[in-house]
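Residues per chain, in single letters:
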Amino acid sequence: MLCQRTIKSVTRTTGVGLHSGRRVEITLRPAAPNTGIVFHRIDLPETVDLPASAMAVGDTRMASVLQKGDVRVSTVEHLMSACAGLGIDNLHVDLTAEEVPIMDGSAGTFVFLLQSAGIEEQGAAKEFIRVLEPVEVREGEGASAKWARLEPYDGFSLAFSIDFHHPAIDATSNFAEIDFAKHSYIKEIARARTFGFMQDVENLRAAGLARGGSLDNAIVMDEFRVLNSDGLRYDDEFVKHKILDAIGDLYLVGKPLIARYVAHKSGHGMNNQLVRALLERRAAWELATFESKSVAPQAFREDWVTV
């Protein structure tokens, strides 16, 4: 049986929220089978639990934000991406502030934390959502068009194209494709950092965003070049970070997908619209489990996540 996974032991770290600028401690704890990934605001008078769910996303400006009433957990996408990449189904996430810490701007730190805690298979079947029919969301026309689509596929792959018209970005590849049957999430995606532009910083901070952003946790560009002294981690780091985000946003569907994701200029808002559109079209998907790894799609047969 292809089984669900959690972590073996408790692990924690501290960091700063990218948008709030607030210091936050994050603690990752094992969770029982069929729990899912649940965020807990433990800094409030009474702990508030926010299960990771696309239907609970209440804000998508520059991040995916879970909301329950007036309680928020912001910037969940990088941790969710790491959980998807490592096949973690069940996890408790305790936070001492409203935002998951940004760490170095990638999913790399969360991969390290999860692996350090140890990954444990549980005695329950891992459930997948298998896409049966194409589902697409689209905005704009012509050169301004942006779209995202899920298609039937015997595995899990993502193809993404970007179009920023910036010298530093245009000098890199604006398209990337990752197939979990062929590529390692840890090697190819996890270390890709978020990015932004100096000229947008004042406007973002006036809107209450990017208050914790710095060269330590983002790729920052002026009008012409990358300002980080260490340059890029991948030749196509910009588009790979968009894939990293998409993996996290898609994992808010609640289970790993058996599907192909294709997108052009999509972001957190459109990714959330796509997942909601999928869930609302019940004929477009089915639940799937596998009696053994040998009958699962190739993407889920090998323990590639530890490579």
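Structural notes, computed from the coordinates. (Residues numbered from 1 in each chain as written. Predicted model: local features only at pLDDT ≥ 70, side-chain atom pairs only at ≥ 80, totals over all residues. Heavy atoms only, no water.)

### Observations regarding the sheet that holds strand β2 (residues 11–16)
Consideration 1: Taken in spatial order, the five strands of this open sheet run β2-β3-β9-β4-β5, and their pairing is mixed. Single-partner strands in this sheet number two, and they are β2 and β5 (48–51). For this sheet, the mean inter-axis angle between neighbouring strands, taken without regard to orientation, is 25°.
Consideration 2: Bridging between strand β3 (residues 23–30) and strand β9 (residues 91–95) involves five bridges; their strand directions are antiparallel. Counterpart to R29 in the pairing with β9 is H92.
Consideration 3: With respect to the sheet, helix α2 (residues 108–117) is in contact with β2, β3 and β9, its orientation differing from that of β2 by roughly 165°. (Pairing = 2+ DSSP bridges. Helix = DSSP H or I, 4+ residues; strand = E, 2+ residues; numbered from the N terminus. Axes fitted to C-alpha atoms, helices over the stretch in contact; angles between N-to-C directions. Contact = heavy atoms within 4.5 Å.)

### Section: the pattern of salt bridges
Consideration 1: Here the structure, examined in full by the defined rule, presents 21 salt bridges.
Consideration 2: Across the pair R149 and E136 runs a salt bridge, and its minimum N-O distance is 2.8 Å. Taken as a pair, R149 in strand β13 (residues 146–151) and E136 in strand β12 (residues 135–139) lie far apart in primary sequence, 13 residues in all.
Consideration 3: For E136, a relative accessible area of 37% gives the class partly exposed.
Consideration 4: Between E177 and R260 there is a salt bridge, with the nearest N and O atoms lying 2.5 Å from each other. Taken as a pair, E177 in strand β15 (residues 175–179) and R260 in strand β18 (residues 257–264) lie far apart in primary sequence, 83 residues in all.
Consideration 5: Here the salt bridges share partners, and the residues they tie into one network are E136, R138, R149, E151, E177 and R260. (Salt bridge = Lys/Arg side-chain N within 4 Å of Asp/Glu carboxyl O. Buried < 20%, exposed > 50% of the residue type's maximum accessible area, 1.4 Å probe, protein only.)

### A closer look at the nonpolar core
Consideration 1: Within the largest apolar cluster, 86 residues are counted, with the highest numbers of intra-cluster contacts made by F39, Y185, L257, Y261 and L278.
Consideration 2: For this core, the leading source of residues is helix α6 (residues 237–251), giving eight residues. (Core = buried A, V, L, I, M, F, W, Y, C linked by side-chain atoms within 4.5 Å.)

### Points about the packing of aromatic side chains
Consideration 1: Applying the stated rule across the entire model yields eight aromatic pairs.
Consideration 2: Judged by centre distance (6.4 Å) and plane angle (55°), the rings of F180 and Y185 are tilted.
Consideration 3: F180 gets classed as buried once you look at its relative accessible area, which sits at 3%.
Consideration 4: Note that K240 overlies the ring of Y234, its terminal NZ or CZ placed 4.6 Å from the centroid.
Consideration 5: The cationic tip of R282 hangs over the ring face of W285; the distance from NZ or CZ to the ring centre is 3.7 Å. (Phe/Tyr/Trp six-rings, centres within 6.5 Å; stacked < 30°, edge-to-face > 60°. Lys NZ or Arg CZ within 6 Å of the ring centre and 35° of its normal.)

### Here's the deal with the packing of helix α1 (residues 77–86) against α6
Consideration 1: At a minimum axis separation of 7 Å, α1 and α6 run at an interaxial angle of 80°. Regarding the angle of α1 to α6, the classification is roughly perpendicular. Within the contact between the two elements, α1 uses E77, H78, M80, S81, C83 and A84 and α6 uses H241, L244, D245, I247, G248, D249 and Y251.
Consideration 2: For the contact of α1 with α6, a count of residues per class yields six nonpolar, four polar and three charged. (Parallel < 35°, antiparallel > 145°, perpendicular 65-115°, else oblique. Nonpolar A, V, L, I, M, F, W, Y, C, P; charged D, E, K, R; others polar.)

### Re the packing of α1 against α2
Consideration 1: Interaxial distance between α1 and α2 falls to 9 Å at its minimum, and their mutual angle equals 50°. Considered as vectors, α1 and α2 are oriented oblique to each other. Considering how the two elements wind past one another, α1 and α2 form a crossing that is right-handed. Listed contacts from α2 to H78, L79, A82, C83 and L86 of α1 are F110, V111, L114 and Q115. (Left-handed = near helix turned anticlockwise from the far one by under 90°.)

### Here's the deal with the environment of S157
Consideration 1: Within the secondary structure, S157 is located in strand β14 (residues 156–161).
Consideration 2: Residue classification places S157 among the buried positions, given a relative accessible area of 1%.
Consideration 3: For the pair S157 and H183, spaced 26 residues apart in the sequence, the C-alpha separation amounts to 9.5 Å.
Consideration 4: Beyond its immediate chain neighbours, meaning those up to four positions away, S157 contacts I178, D179, A259, R260 and Y261.

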